[in-house]
Amino acid sequence: MQWQNGGLEFDTPRVMGVLNVTPDSFSDGGRFVDPAAAVDHAYAMAEAGAAIIDIGAESTHPGATPVSAAEELDRLLPVLEGLVTELGVPISVDTGKPEVIAAVTSAGASLINDVQALRMPGALEAVAGADCAVCLMHMQGEPRTMQAQPRYHDVVGEIRDFLAARAIACEDAGIAPDHILIDPGFGFGKTSAHNLLLLQHLSELLDLGYPVLVGLSRKSTIGEVSGVKMPEDRLAGSLAAASLAVWLGASVVRAHDVAATVQALAGIHATRRQV
Ligand code: HH2
């Protein structure tokens, strides 16, 4: 698939490397606030096999501090400008604000990764007006309160219906079908039981016809089922979850530990192709 400044092919599972230029992200907050450190980390992840780099300037973990569009752009633009023509892999920006979408797509971002699935007024139009792709993620509630009491009658069915409706809204707004990815949003307004059920039934999202992206890396469900407290110690559990997701049909895995994830997914892909 070709978008501005690159694209992704889905013939093998792809890794999206996480680059949080925030002071407060749940597992790597503060490490890449300095633009030079962020640019270096992006190169290291591309070298390790990331097919796309996802830059986030506003943490979405429960209780994170909201950031203004101006602050988000102050964090994003120096990093984006340092990478977009040189890095050799497309850049995604994790945002949902229309003014940020407009500015980063003008600056060359290839994909908008929106945890709100373009529900903010003006966001849909901002993506439709640019030659970029979008990842539509499901979230129940909003980051500040989403983990208070998440409830579903049918978690898989409700998320599937939500993603289908958002994808149709995108297509109706003029976004090409091959510019759309979908993501069930592990950890966003979901208990561990919801997350595990979603993973078990991931293949039920495939017949919507869009590549599925998953973000399980270091998340709290992995900590809960394994008893591992610190997010940065959850690599083994993250690799198991990523491998399972790809086996069940995910096309892109959003991950902090790129080299290890690339290695795990190569094994899954080789196993699937073996005849
Ligand atoms: N998870 C996070 C952020 N963005 N985007 C998509 N599409 N899917 C996800 O599961 C997802 C996401 C949360 O992880 P992280 O960026 O590491 O943490 P924080 O939100 O605290 O910055």
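This text goes with the structure placed above it.
Residues numbered from 1 in each chain as written. Predicted model: local features only at pLDDT ≥ 70, side-chain atom pairs only at ≥ 80, totals over all residues. Heavy atoms only, no water.

Chemist: How should I be thinking about the pairing of strand 5 (residues 91-94) in this particular structure?
Modeler: Side chains of strand 5 alternate between two faces, with I91 and V93 and S92 and D94 buried alike. The sheet contact formed by strand 4 (residues 52-56) and strand 5 spans 4 bridges and is parallel. Note on strand 5: the bridge partner recorded for I53 is I91. For the crossover that starts at strand 4, traverses helix 2 (residues 69-83) and ends in the parallel strand 5, the hand is right-handed. Where strand 5 meets strand 6 (residues 111-114), 3 bridges bridge the pair, whose relative direction is parallel. Its bridge partner being in strand 6, S92 is matched across the sheet by L111. (Buried < 20%, exposed > 50% of the residue type's maximum accessible area, 1.4 Å probe, protein only. Helix = DSSP H or I, 4+ residues; strand = E, 2+ residues; numbered from the N terminus. Pairing = 2+ DSSP bridges. Right-handed = clockwise from strand over helix to strand, strands pointing away.)

Chemist: I keep staring at the nonpolar core and nothing clicks. Help me out?
Modeler: Counting residues in hydrophobic clusters, the biggest one holds 72 residues, and the most contacted among them are L19, I53, I55, V104, L118 and V214. No other element matches helix 5 (residues 155-172), which puts 8 residues into this core. Beyond its immediate stretch of four places on either side in the chain, L19 contacts F32, A38, H41, A42, M45, I53, D54, I55, G56 and V79. Formed by 11 residues, the second largest nonpolar core is a distinct cluster that contains L8, I52, C135 and L181. (Core = buried A, V, L, I, M, F, W, Y, C linked by side-chain atoms within 4.5 Å. Contact = heavy atoms within 4.5 Å.)

Chemist: Sorry, what's going on with the environment of I168 here?
Modeler: Tracing the backbone shows I168 in helix 5. Looking at I168, the relative accessible area reads 49%, which means it is partly exposed. With 98 residues separating them in the primary sequence, I168 and A266 have C-alpha atoms 33 Å apart.

Chemist: Can you help me understand the pairing of strand 8 (residues 180-183) in this one?
Modeler: In regular strands, side chains alternate between the two faces of the sheet. Side chains I180 and I182 project from strand 8 onto one buried face, and the interleaved L181 and D183 project onto a second face that is buried too. Alignment of strand 7 (residues 133-137) against strand 8, held across 4 bridges, turns out to be parallel. By the bridge assignment for strand 8, V134 is matched with I180.

Chemist: What exactly am I supposed to notice about the site of the ligand here?
Modeler: Within the structure, the ligand sits among 18 residues, and S25, T60, N113, D183 and K219 are positioned closest to it. Measuring from an oxygen atom of the ligand, one finds a backbone N or O atom of F26 at 3.0 Å. Here an oxygen atom of the ligand and a backbone polar atom of G215 are 3.3 Å apart. Counting residues per element, the ones that place at least two in the shell around the ligand are strand 7 and strand 9 (213-215). (Near = heavy atom within 4 Å. Polar contact = N/O pair within 3.5 Å; in protein donor to acceptor, adjacent residues only side chain to side chain.)

Chemist: I would appreciate a short explanation of the environment of V246 in the present structure.
Modeler: Counting through the fold element by element, V246 comes out in helix 8 (residues 235-247). Judged by relative accessible area, V246 falls into the buried class, the value being 1%. Measuring from C-alpha to C-alpha, the distance between V246 and R151 comes to 26 Å, with 95 residues separating the pair along the chain. Apart from the residues lying within four places of it in its own chain, the contact partners of V246 are P13, V253, L265, I268 and R272.

Chemist: Looking at this structure, how should I read the packing of helix 8 against helix 9 (residues 258-273)?
Modeler: A packed helix pair is summarised by two numbers, namely the angle formed by the two axes and the spacing between the axes. Remark: helix 8 packs on helix 9, axes separated minimally by 9 Å, with the N-to-C direction vectors making an angle of 35 degrees. Here helix 8 and helix 9 pass one another in a crossing that is right-handed. Between helix 8 and helix 9, the residues in contact are L235, L239, A242, S243, V246 and W247 and A260, T261, A264, L265, I268, T271 and R272, respectively. The class makeup of the residues in the contact of helix 8 with helix 9 is 9 nonpolar, 3 polar and 1 charged. (Axes fitted to C-alpha atoms, helices over the stretch in contact; angles between N-to-C directions. Left-handed = near helix turned anticlockwise from the far one by under 90°. Nonpolar A, V, L, I, M, F, W, Y, C, P; charged D, E, K, R; others polar.)

Chemist: Explain a negative patch on the surface to me, please; I cannot follow it from the model alone.
Modeler: There is a patch of like negative charges on the surface, built from D154, E158, D161 and E204. Counting through the fold element by element, D154 comes out in the loop between strand 7 and helix 5. Residue classification places D154 among the partly exposed positions, given a relative accessible area of 43%. (Patch = residues over 30% accessible without salt bridge, like charges linked within 9 Å, V, L, I, M, F, W, Y side chains within 5 Å. Areas by Shrake-Rupley, 256 points an atom, 1.4 Å probe, with all protein chains shown as cover. Salt bridge = Lys/Arg side-chain N within 4 Å of Asp/Glu carboxyl O. Lys, Arg positive; Asp, Glu negative; His and termini not counted. Charge placed at Lys NZ, Arg CZ, Asp CG, Glu CD.)

Chemist: What is the right way to read the pattern of salt bridges from this model?
Modeler: Pairing between side chains of opposite charge can happen when their charged atoms approach one another. As enumerated under the stated definition, the model contains 8 salt bridges in all. Between D54 and R254 there is a salt bridge, and its shortest N-O distance comes to 2.9 Å. Here the residue D54 occupies a position in strand 4, and R254 occupies one in strand 10 (residues 252-255), the gap between them amounting to 200 residues. Taking relative accessible area as the criterion, D54 reaches 0% and is therefore assigned buried. On the basis of relative accessible area, R254 is assigned to the buried category, the value being 15%. A salt bridge links E71 to R75; its shortest N-O distance comes to 3.2 Å. Taken as a pair, E71 and R75 lie in helix 2 at a separation of 4 residues, close to a single helical turn. Among the residues examined, E71 registers a relative accessible area of 34% and is labelled partly exposed. Beyond isolated ion pairs, a larger network of salt bridges with shared partners links D54, D94 and R254.

The values reported here are purely geometric and, on their own, carry no functional implication.
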